Amino acid sequence: MNKQTKVWLVISIALSLLVLSSACGGSSSDTNKGGGTNTASTDNAVAYSGPTGTISGVISYNGTPPAPKKIDTTADPVCGQKNPNLTTDDTMVTNGKLANTFVYIKEGTVDGGKKLADYSYAAPTTPVKLDQNGCHYAPHVLGIMVNQKINITNSDATQHNIHPTPKLNPEWNQTQPNGAPPIEKTFARAEQMIPVKCNQHPWMKAYIAVMKHPLYAVSAADGTFSIPNVPVGKYTIVAWREGQTPEEQPMEVTVTANGTAKADFAFPKAGAATSSTKPSLQMVPAIEFPMLGKH
Ligand SMILES: [Cu+2]
């Protein structure tokens, strides 16, 4: 072919590559659709700069916890080889203390009269990590802020398919083969306790709480949690735990300057079936709950 034909060939190849790459970029940004500018309510909000305190406590387990059940991983031999003693982790109790309880400020009034929701908090630039290791999610329960990145990794020699099932954010699922790069996503809307499953391994489960503020914590293996940097004020906090039936409990706390407000919880509560629905009925628009409805 002559020189002119060659030039046109190069140009058309370059153009088609450009079209391809922008198409890929477009599909990944689709993950943010549906939420869009959900931060509109905080446009006029200001950052809090006054005195703060801490909320901390211990989550106890009432009675004898259900024994963890062995998980049958024969569907994927790789899982069985790496993690032969995989068991259920919905109720992790050590010495009577409960791990993986999500504790967060639901609503409240900051000293001076403004609502907590009137203050804005920027999402941290550091991503939250979710790893798949031994065909098991780590961590099992995590909090993330609206528009903060979640970085999902596959540490297994097998393929996973991450599938969050939110009610307010767009649902997605994505395959992550052995050795594939991390998957990065964000959630544009506040939504507490988004279940995450794996389409390859039905036993894999995790929960994500998407928050408008950073005032939350997950109880550690010894049941302890701590929420620092809480503006001085009065709040309703909520503790949520998975269990075989998820349950949540509210508590009123007062935070003083440089003080530590104690907030100890015990699960399951007597008559948990009725009390667990109560916090969700006292919903405030500032902090959305999944049961508010689908968008
Ligand atoms: Cu999996």
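Before reading further, recall that the structure is shown in the block above.
Quick look at the structure, then. As the structure is a computational prediction, the values presented were derived from the model and not from experiment.

## A look at the coordination of the copper ion
Piece 1. For the copper ion, the protein coordination sphere consists of H160 (ND1), C198 (SG), H201 (ND1) and M204 (SD), at 2.0 to 2.6 Å.
Piece 2. Every donor counted, the four donor atoms about the copper ion form angles of 98 to 134° at the centre, which fits tetrahedral coordination.
Piece 3. All donors of the copper ion come from a single chain, and their spacing in sequence reads H-x37-C-x2-H-x2-M. Note that H160 is positioned in strand β9 (residues 160-164) and H201 in the loop between β12 (191-198) and β13 (205-211), a separation of 41 residues in sequence.
Piece 4. A relative accessible area of 0% places H160 in the buried class.
Piece 5. Among the residues examined, H201 registers a relative accessible area of 1% and is labelled buried.

## Side note on the sheet that holds strand β16 (residues 233-241)
Piece 1. Across the sheet, four strands lie side by side as β14-β4-β16-β17; this open sheet has antiparallel pairing. At either margin of the open sheet sits one strand with a lone partner, and together these are β14 (216-218) and β17 (247-255). In this sheet, neighbouring strand axes are inclined to one another by 20° on average, regardless of whether the strands run parallel or antiparallel.

## A few points about the pattern of salt bridges
Piece 1. Throughout the structure, instances matching the rule amount to three salt bridges.
Piece 2. Here K82 makes a salt bridge to D156, at a shortest N to O gap of 2.9 Å. With a gap of 74 residues between them, K82 in helix α2 (residues 77-82) and D156 in the loop between β8 (150-154) and β9 connect regions that are remote in the sequence.
Piece 3. On the basis of relative accessibility, which here comes to 3%, the residue D156 falls in the buried class.
Piece 4. Among the ionic pairs, K205 bridges to E242, the shortest N-O distance being 4.0 Å. With a gap of 37 residues between them, K205 in strand β13 and E242 in the loop between β16 and β17 connect regions that are remote in the sequence.
Piece 5. Look at E242 and you get buried, because its relative accessible area is 4%.

## Quick notes on empty space enclosed by the protein
Piece 1. In the structure shown here, the tally under the stated rule is two cavities of 30 Å³ or more.
Piece 2. Roughly 50 Å³ of internal volume is contained in the largest cavity.
Piece 3. Forming the boundary of the largest cavity are D89, D90, T91, M92, L98, A99, N100, T101, H140, R241 and E242.
Piece 4. Here the lining of the largest cavity is composed, by residue class, of three nonpolar, four polar and four charged.

## Here's the deal with the state of the cysteines
Piece 1. All told, the structure shown has one disulfide when counted by the stated rule.
Piece 2. Across the disulfide, C79 is cross-linked to C135 (sulfur-sulfur distance 1.9 Å). Between C79 and C135 the disulfide shows an S-S torsion of about -75°. By sign, it is left-handed. Here C79 is found in helix α2, whereas its partner C135 is found in the loop between β5 (128-132) and β6 (137-138), with 56 residues between them in sequence. The exposure classification of C79 matches that of C135, with both residues buried.

Parameters and conventions
- Residues numbered from 1 in each chain as written.
- Predicted model: local features only at pLDDT ≥ 70, side-chain atom pairs only at ≥ 80, totals over all residues.
- Heavy atoms only, no water.
- Donors = N, O, S within 2.8 Å, 3.2 Å for Na, K, Ca; no water.
- Tetrahedral: all angles 85-135°; square planar, octahedral: opposite > 155°, others 65-115°.
- Helix = DSSP H or I, 4+ residues; strand = E, 2+ residues; numbered from the N terminus.
- Buried < 20%, exposed > 50% of the residue type's maximum accessible area, 1.4 Å probe, protein only.
- Pairing = 2+ DSSP bridges.
- Axes fitted to C-alpha atoms, helices over the stretch in contact; angles between N-to-C directions.
- Salt bridge = Lys/Arg side-chain N within 4 Å of Asp/Glu carboxyl O.
- 1 Å grid on protein atoms, 1.4 Å probe; cavity = no way out; pocket = protein on both sides within 12 Å on 5 of 7 lines; lining within 4 Å.
- Points joined across faces, edges and corners; volume = space filled by probe spheres on them.
- Nonpolar A, V, L, I, M, F, W, Y, C, P; charged D, E, K, R; others polar.
- Disulfide = S-S within 2.5 Å.

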